[in-house]
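Geometric and topological summary
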Amino acid sequence: MSAVYVWIETFHGQPLSVSWEALGAGRLLADQFGVPLTALVFGENASAVAAEAAAHGANKALISDDATLKDFRLEAYAALLTKLVSENAPKAVVAGATSRGRELLAASAADSDSPLLGDVLSLSVDGGSVTAERAVYAGKVLSENAITGGTTMFVTVRSRAFKALAPDASASAEITTVAPALTESQLTTKVESFEESVGTVNLTDAAIIVSGGRGMANNPKDAPSGVTGDQASAWKAQDGFANVIKPLADVLGAAVGASRAAVDAGYIPYVHQVGQTGKTVAPDLYIACGISGAIQHQAGMRSSKIIVAINKDGESPIFKMARYGLVGDLYQIIPAITLEAKKRLGK
Amino acid sequence: MHVIVFTRSTPDTAAKVEVNSSGNVSWGDAALVVNPWDEYALEEGILQAKAGGGKATVIAIGAELHGEALKHSLAMGLDDAARVWDAALENADSLAYATAAAAAVKKVGDVDLVIFGRESIDVGTDQHIYQTARKLGWTMLSYVSKILAVDYAAKTIKVERLLEEGKQVVTATLPAVISVMKDINEPRYPSFIGIRKASKAVIPVWSLADLGVSLPPVNAQVTKFKNLPPRDTRFELIEGTPEEQAKKLIDRLLEEKVL
Ligand SMILES: Cc1cc2nc3c(=O)[nH]c(=O)nc-3n(C[C@H](O)[C@H](O)[C@H](O)COP(=O)(O)OP(=O)(O)OC[C@H]3O[C@@H](n4cnc5c(N)ncnc54)[C@H](O)[C@@H]3O)c2cc1C
Ligand SMILES: Nc1ncnc2c1ncn2[C@@H]1O[C@H](COP(=O)(O)O)[C@@H](O)[C@H]1O
């Protein structure tokens, strides 16, 4: 029997929340096609994650926790997905448009010569024909795309574009264990080591983002003696990210973002970068601090629902995008906001 | 030994892009540039060809305007360039492009490494990379931030990959397809002599017949481009002392229900 498959992405055995959104998108397709929604869970902890997927709307689950699937390795994962697709001819395969989701679905779509719509913002199904919207040219333009044939369509969904279904802890799914498609000796890659970065950020899932730019270097605090020039600027900005931006982000439950200027100057690691060559984000609230709002930065944050700009230069282009503008020194304004937010949010 | 880098032209990142009255995407008179992520791929292609004592070839799949990215690549110092184009590729999907890309790699022959940039900044979601690797049946290593070791004789490679969660070290066998991050190197600027040489280069165009490949059916298509819905242009300047500004802002954000 046919189905709509949703790949439930995990990292170290923990599911990513975008996978529940992918199940939400999958539910739309499954109902339209009148087929069950099947979660695919590969790797460690698969049966526990499958139970969570059931709570998030999956009717069935295909799981495989073979040792070859412990780390995400494209060849192992794609071979299994492609095998399941060719054996069962699902109507669709859906996943979150994360780096692994995009890679896996693109690979398996290629293996099976199937159509792929990557990183979609919306899906509409009309009597069997599926169309989707995507953001192109750094979000400056939208494209409408259609699936015009093929047995199985592959779709990756952008974080926060689809709603997860309300979890129902009493729901259960029929779980089937499947064997991996390849053995260790058939795999050409080997993971030698992994070093987790400290303070990982999940910008794309965040409902609120507080970002800092080059303006972070204008910290009134003095750098330690002997630290001068660019080093002093970097010290001041790093101190500002840690002691001014981060406290506000913590009160608001927000993730910390940055402009490329801040990243390139070494104020903060690249994983925080928002923009054309960083992350594309669409939070409910984006607070830009000491960021001028260059077009490449806008490319990454223009779909934010509410933008707040804090900048000492009232002429900065960021104010053209903002719903609320605060002209002034971020080093005076942000601590005041943090204090006020603590009071008002009862923290 | 041979290294292949794929690239193409994209409108400059600062271009004002919009859909014109005939429904086409237009970037006015903004310049075309090499897809910015690909500069790292091109630099790495030059470095790896040198290290392996081989040649670096750059390939673009696309209409004539992508020839500009190839000229830039030659000016940077890649050895050879080719453009793949065929009427059948017009409006085709990534699957078709990847099929053509893999066939082009096979045509060059003796290739150990194919290098892509991280993604294209215009229409891309990086899918061409992975699909090309699968069409070749080669190892795929994405988000490579460092090549730690490579042995073209023993056909092994060891890389560091930059994942969302941290850094992963992977060993793999060659031939492989890799996509590279910006930390991997410092792309060089084209030299004056390089630019002169590139401007004189005649870049061959390979058709699908030249590649001896036929395309899978195109079942994913763009039906229309649209401008963004108009932005909410309401703007409120929040004034006062920092304390007053903070209070008013929190008032507003609570009213908007985003806190
Ligand atoms: C190919 C390409 C890709 C790019 N990709 C990206 C990208 O992904 N993301 C990105 O962000 N950029 C990107 N850029 C860079 C972009 O063009 C800008 O250079 C960058 O965004 C500027 O960062 P900024 O706003 O922090 O710095 P600036 O433009 O220098 O702005 C700093 C701002 O801080 C304000 N300021 C200073 N001190 C204070 C203070 N004490 N209080 C309040 N305000 C203060 C200033 O008024 C100014 O407006 C890219 C560029 C290119 C060419
Ligand atoms: N038609 C093409 N010709 C050559 N390279 C391409 C083509 N399309 C995409 N690429 C490259 O493939 C990578 C991923 O692109 P994309 O899949 O469009 O995000 C980038 O390095 C692009 O430059």
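Computed from a predicted structure; not experimentally measured.

Let's talk about the site of ligand 2
Residues and elements named next belong to chain B. Around ligand 2, the surrounding shell holds 19 residues, and the nearest of these are Asp38, Ile61, Ser120, Asp126 and His128. In this structure, aspartate 38 approaches ligand 2 through a side-chain N or O atom, which is 2.4 Å from an oxygen atom. Compared with its free state, where it exposes 470 Å², ligand 2 has 98% of that area covered by protein. Elements with a minimum of two residues in the shell around ligand 2: β6 (55-61), β8 (111-117) and α4 (127-136). Residues of the shell around ligand 2, tallied by class, amount to seven nonpolar, eight polar and four charged.

Section: the site of ligand 1
Taken together, 27 residues lie around ligand 1, and Arg214(A), Asn218(A), Ser259(A), Ser292(A) and Gln296(A) are the ones closest in. In this structure ligand 1 sits where residues from chains A and B come together. In this structure, Gln276(A) approaches ligand 1 through a main-chain N or O atom, which is 3.0 Å from an oxygen atom. In the model, an oxygen atom of ligand 1 is placed 3.1 Å from a nitrogen or oxygen of the Gly290(A) main chain. Protein chains bury 80% of the 980 Å² of accessible surface belonging to ligand 1 in isolation. When contributions to the shell around ligand 1 are tallied by element, the ones reaching two or more residues are α6 (260-264) and α7 (295-301) of chain A. Across the shell around ligand 1, the residue classes tally to five nonpolar, 17 polar and five charged.

Comments concerning the sheet that holds strand β14 (residues 220-227) of chain B
If you walk across this open sheet you meet the four strands as β8(A)-β9(A)-β10(A)-β14(B), and the pairing is antiparallel. Strands at the two margins of the open sheet, each flanked by one partner only, are β8 (122-126) of chain A together with β14 of chain B. Sheet twist, expressed as the mean angle between neighbouring strand axes with direction ignored, is 25 degrees. Bridge count between β8(A) and strand β9 (residues 129-136) of chain A: five bridges; the pairing is antiparallel. The residue of β9(A) that forms the bridge with Ser124(A) is Thr131(A).

Some points on the environment of Val159(B)
Residue and element names in this part refer to chain B. Relative to the assigned elements, valine 159 resides in strand β10 (residues 156-162). For the pair valine 159 and valine 170, spaced eleven residues apart in the sequence, the C-alpha separation amounts to 5.5 Å. Residues contacting valine 159, with those up to four places away along its chain left out, are Leu141, Val144, Lys146, Ile147, Leu148, Gln168, Val169 and Val170.

Structural notes on the interface of chain A and chain B
At the junction of the two partners, chain A supplies 84 residues and chain B supplies 78 residues. A buried area of about 7200 Å², summed over both sides, lies between chain A and chain B, and 55% of it is on carbon and sulfur atoms. If you sort the residues of chain A by the area they bury against chain B, Tyr137(A), Glu144(A) and Arg323(A) come out on top, with a joint share of 10%. One can count eleven salt bridges joining chain A with chain B. Residue Asp111(A) is joined to Arg134(B) by a salt bridge in which the shortest nitrogen-to-oxygen separation is 2.7 Å. Along the contact surface separating chain A from chain B lie 40 residue pairs in polar contact (both at pLDDT 80 or more). The greatest single-element share of the side of chain A that touches chain B, amounting to nine residues, is contributed by helix α4 (residues 99-111) of chain A. For the side of chain A that touches chain B, the per-class residue count stands at 40 nonpolar, 20 polar and 24 charged. Where strand β13 (residues 189-196) of chain A and strand β11 (residues 166-173) of chain B come together, seven bridges link them in antiparallel fashion. Of the residues in β11(B), the one forming a bridge with Glu196(A) is Gly166(B).

Looking at α4(B)
Across the ten residues that make up α4(B), a large majority, seven, are buried. All buried positions along α4(B) are accounted for by Gln127(B), Ile129(B), Tyr130(B), Gln131(B), Thr132(B), Ala133(B) and Leu136(B). Of the surrounding elements, those touching the buried residues of α4(B) are α4 and β7 (116-120) of chain A together with α3 (94-108), β8, β9 (139-151) and β12 (176-180) of chain B. Once α4(B) ends, the next one or two residues include Gly137(B), with phi positive near 75 degrees.

Brief notes about the packing of helix α5 (residues 229-252) of chain A against helix α9 (residues 330-344) of chain A
Helix packing for two helices is described by the angle between their axes and how far apart those axes are. All names here are of chain A. Across the interface, α5 lies against α9 with an axial gap of 8 Å and an inter-helix angle of 25 degrees. Comparing the axis directions of α5 and α9 gives the class roughly parallel. Our pair here, α5 against α9, has a crossing hand that is left-handed. Contacts between α5 and α9 involve Lys236, Ala237, Gly240, Val244, Ile245, Pro247, Leu248, Val251 and Leu252 from the former and Tyr331, Ile334, Pro335, Ile337, Thr338, Ala341 and Lys342 from the latter. Split into classes, the residues belonging to the contact of α5 with α9 amount to twelve nonpolar, two polar and two charged.

Section: the sheet that holds strand β18 (residues 324-327) of chain A
In a beta sheet, neighbouring strands are held together by backbone hydrogen bonds and run either parallel or antiparallel to one another. Read from one edge of the open sheet, six strands run β15(A)-β14(A)-β16(A)-β17(A)-β18(A)-β15(B), paired in parallel fashion. Edge strands, defined here as strands with exactly one partner in the open sheet, are β15 (255-258) of chain A together with β15 (236-237) of chain B. Bridge count between strand β14 (residues 208-212) of chain A and strand β16 (residues 285-289) of chain A: five bridges; the pairing is parallel. Bridge pairing in β16(A) links Ser211(A) to Ala288(A). Contacts from α5(A) reach β14, β15 and β16 of chain A, with the element oriented near 170 degrees to β14(A). Its contacts with the sheet place α9(A) against β16, β17 (306-311) and β18 of chain A, and it is angled at close to 135 degrees to β17(A).

Examining the confidence of the model for chain B
Here chain B shows a mean pLDDT of 96. Residues at 70 or above account for 100%. Reported for the predicted complex are a pTM of 0.94 and an ipTM of 0.95.

Notes on a nonpolar patch on the surface
On the surface, a nonpolar cluster with roughly 230 Å² of combined accessible area is contributed by Val327(A), Phe235(B) and Leu237(B). Among the secondary structure elements, Phe235(B) is positioned in the loop between β14 and β15.

Here we look at the side chain of Glu160(B)
All names here are of chain B. Here glutamate 160 lies in strand β10. The buried category is assigned to glutamate 160, whose relative accessible area is 11%. If near-sequence neighbours (up to four positions away) are discounted, glutamate 160 is found in contact with Tyr143, Val144, Ser145, Lys146, Leu148, Lys167, Gln168 and Val169.

Concerning the pattern of salt bridges
A full pass over the atoms with the stated rule returns 32 salt bridges over all chains. A salt bridge links Arg27(A) to Asp31(A); the shortest N-O distance between them is 2.9 Å. Of the two residues, Arg27(A) and Asp31(A) both sit in helix α1 (residues 17-33), four residues apart, roughly one turn of that helix. Its relative accessible area of 17% is what places Arg27(A) among the buried residues. You can call Asp31(A) exposed: its relative accessible area is 51%. One salt bridge connects Glu18(B) with Lys16(B), and the closest N-O pair in it is separated by 3.7 Å. Here the salt bridges share partners, and the residues they tie into one network are Glu340(A), Lys343(A), Arg344(A), Lys247(B) and Asp251(B).

What counts, and at which threshold
Residues numbered from 1 in each chain as written. Chains lettered and ligands numbered in written order. Predicted model: local features only at pLDDT ≥ 70, side-chain atom pairs only at ≥ 80, totals over all residues. Heavy atoms only, no water. Near = heavy atom within 4 Å. Polar contact = N/O pair within 3.5 Å; in protein donor to acceptor, adjacent residues only side chain to side chain. Areas by Shrake-Rupley, 256 points an atom, 1.4 Å probe, with all protein chains shown as cover. Helix = DSSP H or I, 4+ residues; strand = E, 2+ residues; numbered from the N terminus. Nonpolar A, V, L, I, M, F, W, Y, C, P; charged D, E, K, R; others polar. Pairing = 2+ DSSP bridges. Axes fitted to C-alpha atoms, helices over the stretch in contact; angles between N-to-C directions. Contact = heavy atoms within 4.5 Å. Buried area = accessible area lost by both parts, 1.4 Å probe. Salt bridge = Lys/Arg side-chain N within 4 Å of Asp/Glu carboxyl O. Buried < 20%, exposed > 50% of the residue type's maximum accessible area, 1.4 Å probe, protein only. Parallel < 35°, antiparallel > 145°, perpendicular 65-115°, else oblique. Left-handed = near helix turned anticlockwise from the far one by under 90°. pLDDT = per-residue confidence, 0-100. Patch = residues over 30% accessible without salt bridge, like charges linked within 9 Å, V, L, I, M, F, W, Y side chains within 5 Å.

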